[in-house]
Structures are given as C-alpha cells and as structure tokens.
Amino acid sequence: MGMESDVSNQGSGPANFGDYDPRAWLERSGLLLLKHGQFPASIECLHRLVSIEPEYSMAWYGLSTAIYSASNAARDLGLLKQAVAVLKHCLRVDSANRHADRVLKAISTQTPLSDSDVKAIEASASFQLPVDLQFSKETFAESLSVIPTPGERMQFVMWMGTFEDESSRELLVAALSDSDDGVVRSTLKRLPSDADDRVRQALQHMFESGVYEQYQPYFSMATKRLDLPFPETSPWDQD
C-alpha cells in the first residue's frame, strides 16, 4: 500500500524538529530501520517518539507503518490489529491525516478482519506496544549490521548512539568494530565522556589487538575524553 513511501516523504512534518533535536533522531532512525526491514528496532524508535510527542500524528502513522510491515512479514493477524489500532489513534490525533485514512480504507477491503475485530479496535482507547516483537538491548546493535551502506550506518550511530540507555551503548560497541573505517572513526569522535564499561572494554580490546593505530588520532582523543590512559602510556598491556 506504499506506506513506507508516504512516511519517508513527510520529513518531520508539522513538528519541524531541528537537526540536533533528539526527536528528529528518533524519527529518522525509525524510518531508516523501517526502510531496511528492521521492524522491532523501528517500532522502538517510533514508540519512543510518540511517547514524547503524543500529538504528532505522523509519528503515529510511522509507528503504524512499522507494525503493519511487521504483520505482513510475519503474517500475524494480531500485529495487523495493532497496526489498525494505531491508525485509529492517529486519526483521533489528527482527523485530517489523509495517509492514515487511505490505509485504513484499504485494510478494510483487503484483510480478513471480522466486524467484531473492527468494533473492538474502534473501541480501543489506547495503544500497547506489540508483545510479539521482542526488543532487547542488543536490537539496535544487531540492526546496525543489516544496514548496507556505511553512510547510513554512520547516521544511525550518530542519531541513536547519543541516548543514555543500554541499547544505545550496545550500538556504540558494535559500531567500534564496524567493517568500515569511517564508521569506526565517526564513532570514536562521538563517544560520550560517560560511556559505560562495555564501551571502555571495546576500546581496551582495540588497543590490545593493535587496531587502534589505524584510527589515530581519534582513538587517543576518545580515550582522553573518557579519562583513559593514552596508548603511549597505557598500563593495559602490563602485568
């Protein structure tokens, strides 16, 4: 039904988020992950966004798109019902959202929802994230390996690696061992000073394996920012 193109062509819509606004990072990450079929990660990003901006109808529409796509991939009627519930909520937020209205009409003619299913969905006053799609702290890191181009992986890390949660920290760790040197350098430049032990252990592994040398001076800059010893004086390789 072209839901992905409808969402991606909207930009940030009426919310008009700035480039350095975390809400923009959530929206862009959600759409990027949706584009590459990473539905649990996309749903997580867009669900975070609607939690912050519950009156932003295009965020609800994007969330419905991710759930609908997941329902198609899994051929899961329960997920389809969730997608319809989110579309209904989207129209409660903004009755003029023509994309949501068009998709709802298409679903009503193309899918096996019974009258009782539709009535139950219409009576639903709230949305619950589908329990069928398990999101874990490793989900963002696993999605990174599926994104095909280094430029898109770099963007994803820049957008989602700045959040202070376990899933974002796991993403940073994965990015530090990316196959593309540019992604690794970009990650080193953006490591937060409060990075946790997992990130610090990844840096230690880079030093002990010797690969850190190809990422200088960014490796030394990162270790200094995290208050770790410079490679030239590091005790990591001492007994």
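So, how was this worked out
Residues numbered from 1 in each chain as written. Predicted model: local features only at pLDDT ≥ 70, side-chain atom pairs only at ≥ 80, totals over all residues. Heavy atoms only, no water. Helix = DSSP H or I, 4+ residues; strand = E, 2+ residues; numbered from the N terminus. Buried < 20%, exposed > 50% of the residue type's maximum accessible area, 1.4 Å probe, protein only. Contact = heavy atoms within 4.5 Å. Areas by Shrake-Rupley, 256 points an atom, 1.4 Å probe, with all protein chains shown as cover. Arc of directions from axis to C-beta. Phe/Tyr/Trp six-rings, centres within 6.5 Å; stacked < 30°, edge-to-face > 60°. Expected span 1.5 Å × (residues − 1). pLDDT = per-residue confidence, 0-100. Salt bridge = Lys/Arg side-chain N within 4 Å of Asp/Glu carboxyl O.

Caption draft 1: A look at the overall build of the chain. Scanning the chain from N- to C-terminus turns up 13 helices and zero strands. When the helices and strands of the chain are listed from N to C terminus, the series reads α-α-α-α-α-α-α-α-α-α-α-α-α. Taken over 239 residues, the chain has a buried fraction of 47%. In the chain, once contacts between residues fewer than 6 apart in sequence are set aside, the share between residues at least 24 apart is 65%. Just so you have it, the chain exposes about 11,700 Å², and 49% of that area is on carbon and sulfur atoms.

Caption draft 2: Spotlight on helix α9 (residues 150-160). Listing the buried residues of α9 in full gives Glu152, Arg153, Phe156, Val157, Trp159 and Met160. Angular distribution of buried residues about the axis of α9 spans 165 degrees; they occupy a single face of the element. Buried positions along α9 lie against α2 (22-35), α3 (39-52), α8 (139-144), α10 (166-175) and α11 (181-190).

Caption draft 3: Expanded view of unusual backbone geometry. The peptide bond linking glutamine 216 to proline 217 adopts the cis configuration, its omega dihedral lying at 10 degrees. Unlike most non-glycine residues, arginine 75 shows phi in positive territory, near 50 degrees. Summarising the element assignment, arginine 75 is placed in the loop between α4 (57-74) and α5 (77-93).

Caption draft 4: Fine view of the packing of aromatic side chains. Tallied over the full model, the rule gives six aromatic pairs. Judged by centre distance (5.4 Å) and plane angle (90 degrees), the ring pair of phenylalanine 17 and tyrosine 56 falls under edge-to-face. Here tyrosine 56 lies in the loop between α3 and α4 and phenylalanine 17 lies in the loop between α1 (3-8) and α2, a separation of 39 residues in the sequence. Under the relative-accessibility criterion, tyrosine 56 is labelled buried at 3%. An angle of 45 degrees between the planes, with centres 5.2 Å apart, marks the rings of tyrosine 212 and phenylalanine 219 as tilted. On the basis of relative accessibility, which here comes to 12%, the residue tyrosine 212 falls in the buried class. Accessibility expressed as a relative area gives 0% for phenylalanine 219, which makes it buried. Through successive ring pairs, a cluster of aromatic residues spans Phe135, Phe140 and Phe156.

Caption draft 5: Examining α4 more closely. Between the first and last C-alpha of α4 there are 26 Å, a value that for 18 residues agrees with the 26 Å anticipated at 1.5 Å per step. Of all 18 residues making up α4, 15 are buried, and the element is well covered by its neighbours. Within two residues after α4, arginine 75 carries a phi angle of roughly 50 degrees, on the positive side.

Caption draft 6: Here's a closer look at the confidence of the model for the chain. Per-residue confidence for the chain gives a mean pLDDT of 86, with 85% of residues at or over 70. Throughout residues 1-5 the model reports pLDDT below 50, and contacts reaching past four residues in sequence, or to other chains, amount to 15 contacts. In the predicted structure, residues 8-14 sits below a pLDDT of 50 and forms ten contacts with residues beyond four places in sequence or in another chain.

Caption draft 7: How the structure looks around the pattern of salt bridges. Across all of its chains, the model carries twelve salt bridges by this definition. Here the residues in one salt-bridge network are Asp21, Arg23 and Glu53, joined through shared partners.

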